[in-house]
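Take a look at the letters that make up each chain.
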Amino acid sequence: ESLGLKPDAPVVGISAALRKEKAHEVFLRAAKKVLEKRSDARFLIIGGGVRMQELETMASGLGIKESCIFTGFVKNIEDALSVLDIGILTSEREGLPLTLLEYMASSKPIIATDVGGVGEVVKDGENGFLVPSGDHNALAGRIDTLLEDPALASTLGANGRALLSEKFSEDVMMNRIEALYD
């Protein structure tokens, strides 16, 4: 309610600082394509940063400003992620992004660019989809797939939650660190 979202509106979100390497423009271009088919979809841009005005201007220029919500910095990320149907990452380069683990903890299906360590977290077709960096058409296609198939989206989200527990839980990570020292 505080974001002005309708309860039945599909919400696609990206949680990342508004910096150049996060490539939010790819997200916005994909949003425009998705909105051609799903005018009810909403796009949540979670995070603050130096590109806020630039990206808001871009959304206006693309004619999608009314479908985009720029939250700025969010203190309680769990609350923001709770409204998402799909979590997106469009970075040009990454190590192992915390955002992906947060999406998984929230049981959200993920669509992310296949860069850096992202493939260690997102298993294509298992807990989400990988798309080429900079390819807004591929991103839009995968968003459409998940919006058209909520059962698939739910399965991918549940698989992500299970994968998080299996490979990235605190206990697992501590055991790996201890093994490294041993």
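Not measured: the values here are computed from a predicted model. (Residues numbered from 1 in each chain as written. Predicted model: local features only at pLDDT ≥ 70, side-chain atom pairs only at ≥ 80, totals over all residues. Heavy atoms only, no water.)

Draft legend 1. Representation of the overall build of the protein. Looking only at helices and strands, the protein has eight helices and six strands in total. Computed over the C-alpha atoms, the radius of gyration of the protein is 16 Å, within 12% of the 16 Å expected from 2.2 N^0.38 for a compact globule of 182 residues. Its C-alpha atoms give the protein principal-axis dimensions of roughly 55 × 35 × 30 Å. In the protein, buried positions account for 46% of the 182 residues. Total accessible area computed for the protein in this model is approximately 9,100 Å², and 50% of it derives from carbon and sulfur atoms. The protein carries 20 positive and 28 negative side-chain charges, and their two centres are separated by 5 Å. (Helix = DSSP H or I, 4+ residues; strand = E, 2+ residues; numbered from the N terminus. Rg over C-alpha atoms; globule rule 2.2 N^0.38 Å. Buried < 20%, exposed > 50% of the residue type's maximum accessible area, 1.4 Å probe, protein only. Areas by Shrake-Rupley, 256 points an atom, 1.4 Å probe, with all protein chains shown as cover. Lys, Arg positive; Asp, Glu negative; His and termini not counted. Charge placed at Lys NZ, Arg CZ, Asp CG, Glu CD.)

Draft legend 2. Broad picture of the nonpolar core. One finds Leu 28, Phe 43, Ile 88, Ile 111 and Ile 143 to be the most contacted residues of the largest nonpolar core, which totals 34 residues. It is helix 1 (residues 24-37) that contributes the most residues to this core, seven residues altogether. Those residues within four positions of Ile 111 in sequence are excluded, and the remaining contacts are Ile 86, Gly 87, Ile 88, Leu 89, Phe 129, Val 131, Leu 139, Arg 142, Ile 143 and Leu 146. Counting 23 residues, the second-largest nonpolar core is a separate cluster that includes Leu 84, Ala 112, Val 118 and Phe 168. (Core = buried A, V, L, I, M, F, W, Y, C linked by side-chain atoms within 4.5 Å. Contact = heavy atoms within 4.5 Å.)

Draft legend 3. Representation of helix 7 (residues 150-167) within the structure. The end-to-end C-alpha separation of helix 7 is 25 Å, in line with the 26 Å expected for 18 residues at 1.5 Å each. Buried within helix 7 are the following residues: Ala 153, Leu 156, Gly 157, Gly 160, Leu 163 and Leu 164. On an axial view of helix 7, the arc spanned by its buried residues comes to 125°, and they lie on one face. Turned more than 90 degrees away from the buried face of helix 7 sit Ala 151 and Glu 166, all of them exposed. (Expected span 1.5 Å × (residues − 1). Arc of directions from axis to C-beta.)

It is worth stressing that arrangement in space is one thing and function is another; only the former is reported here.
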